[in-house]
Amino acid sequence: APRYIHNFGITYYIKNFSMSLQARMTSDVFSDATNTSSPSIDGVTGIVKGYSVFDLAATYTFLEKYNLKGGINNLTDAHYATRRAGGYPGPGVLPGEGRTMYISIGARF
């Protein structure tokens with residue numbers, strides 16, 4: 001298990017607008033029970049490096065019932081691995097998600 005897994009967030013509100021920044025930080029972790037430090041040739045064992053990922057989201061509410069939301073996950077487009085796999089789809093490290101963006105419009109009735 002990683003030594004630490006931290007999740008932090010901060011949200012700013014002003015009238016009809018809010019913006020949130022979230023951070024996820026995970027330390028290095030061994031991928032096998034024998035705590036092998038160096039990656040094996042087949043990619044199944046070895047340390048999975050720690051990582052930090054930041055997400056940004058915003059919401060704007062208008063006409064009391066409607067909202068517009070948008071955000072960017074993995075804001076800095078960090079390249080990281082989440083774990084190692086011995087079988088499908090591996091073997092090797094499984095990459096984390098790259099930068100993604102979204103936008104939506106909503107209504108409450």
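Residues numbered from 1 in each chain as written. Predicted model: local features only at pLDDT ≥ 70, side-chain atom pairs only at ≥ 80, totals over all residues. Heavy atoms only, no water.

Turning to the overall build of the protein chain, a few remarks are in order. Of regular secondary structure, the protein chain possesses 0 helices and 9 strands. Its helices and strands taken in sequence order, the protein chain reads β-β-β-β-β-β-β-β-β from the N to the C terminus. In terms of overall size, the protein chain is more extended than a compact globule, its C-alpha atoms giving a radius of gyration of 19 Å where 109 residues would be expected to give roughly 13 Å. In terms of overall dimensions, the protein chain has C-alpha extents of about 60 × 25 × 25 Å along its principal axes. A burial count over the protein chain gives 22% of its 109 residues as buried. Within the structure as shown, the protein chain displays about 7900 Å² of accessible surface, and the carbon and sulfur contribution to it stands at 58%. (Helix = DSSP H or I, 4+ residues; strand = E, 2+ residues; numbered from the N terminus. Rg over C-alpha atoms; globule rule 2.2 N^0.38 Å. Buried < 20%, exposed > 50% of the residue type's maximum accessible area, 1.4 Å probe, protein only. Areas by Shrake-Rupley, 256 points an atom, 1.4 Å probe, with all protein chains shown as cover.)

For Ala85, the location among the structural elements is in strand β7 (residues 81-85). With 41 residues separating them along the chain, Ala85 and Val44 place their C-alpha atoms 6.0 Å apart.

Let us look at a nonpolar patch on the surface. On the surface, a cluster of nonpolar side chains totalling about 810 Å² of accessible area is made up of Tyr12, Ile14, Phe17, Met19, Tyr60, Leu68, Ile103 and Ile105. At the level of elements, β1 (5-14), β2 (17-26) and β9 (100-107) are the ones that each hand at least two residues to the nonpolar patch. Locating Ile103 in the fold gives a position in strand β9. For Ile103, a relative accessible area of 68% corresponds to the exposed category. (Patch = residues over 30% accessible without salt bridge, like charges linked within 9 Å, V, L, I, M, F, W, Y side chains within 5 Å. Salt bridge = Lys/Arg side-chain N within 4 Å of Asp/Glu carboxyl O.)

What follows concerns the sheet that holds strand β6 (residues 66-73). Spatially, the 5 strands line up as an open sheet ordered β1-β2-β5-β6-β9, and their pairing is antiparallel. Edge strands, defined here as strands with exactly one partner in the open sheet, are β1 and β9. Across the sheet, the mean angle from the axis of one strand to that of its neighbour is 10 degrees, orientation sign disregarded. (Pairing = 2+ DSSP bridges. Axes fitted to C-alpha atoms, helices over the stretch in contact; angles between N-to-C directions.)

In this section: the packing of aromatic side chains. Applying the stated criterion across every chain, the model contains 4 aromatic pairs. Taken together, a centroid distance of 4.4 Å and an interplanar angle of 25 degrees make the contact between Tyr51 and Tyr80 stacked. Here Tyr80 lies in the loop between β6 and β7 and Tyr51 lies in strand β5 (residues 51-62), a separation of 29 residues in the sequence. One exposure class covers both Tyr51 and Tyr80, and it is buried. Note on Tyr60 and Phe62: the rings are 5.9 Å apart at their centroids and 15 degrees apart in plane angle, and the pair reads as stacked. Owing to a relative accessible area of 40%, Tyr60 belongs among the partly exposed residues under this scheme. Every member of this aromatic cluster is reached through a ring pair, and the members are Tyr60, Phe62, Tyr66 and Phe109. (Phe/Tyr/Trp six-rings, centres within 6.5 Å; stacked < 30°, edge-to-face > 60°.)

Of all 10 residues making up β1, only 0 are buried, and the element is barely covered by its neighbours. As defined by bridge partners, β1 adjoins β2 across 10 bridges and the pair is classed as antiparallel. What sits directly across from Tyr12, in β2, is Met19. Linking two consecutive strands that pair antiparallel, namely β1 and β2, is a turn of 2 residues; a positive phi of about 50 degrees is found at Lys15 within it.

Worth remembering: the numbers are spatial, not functional.
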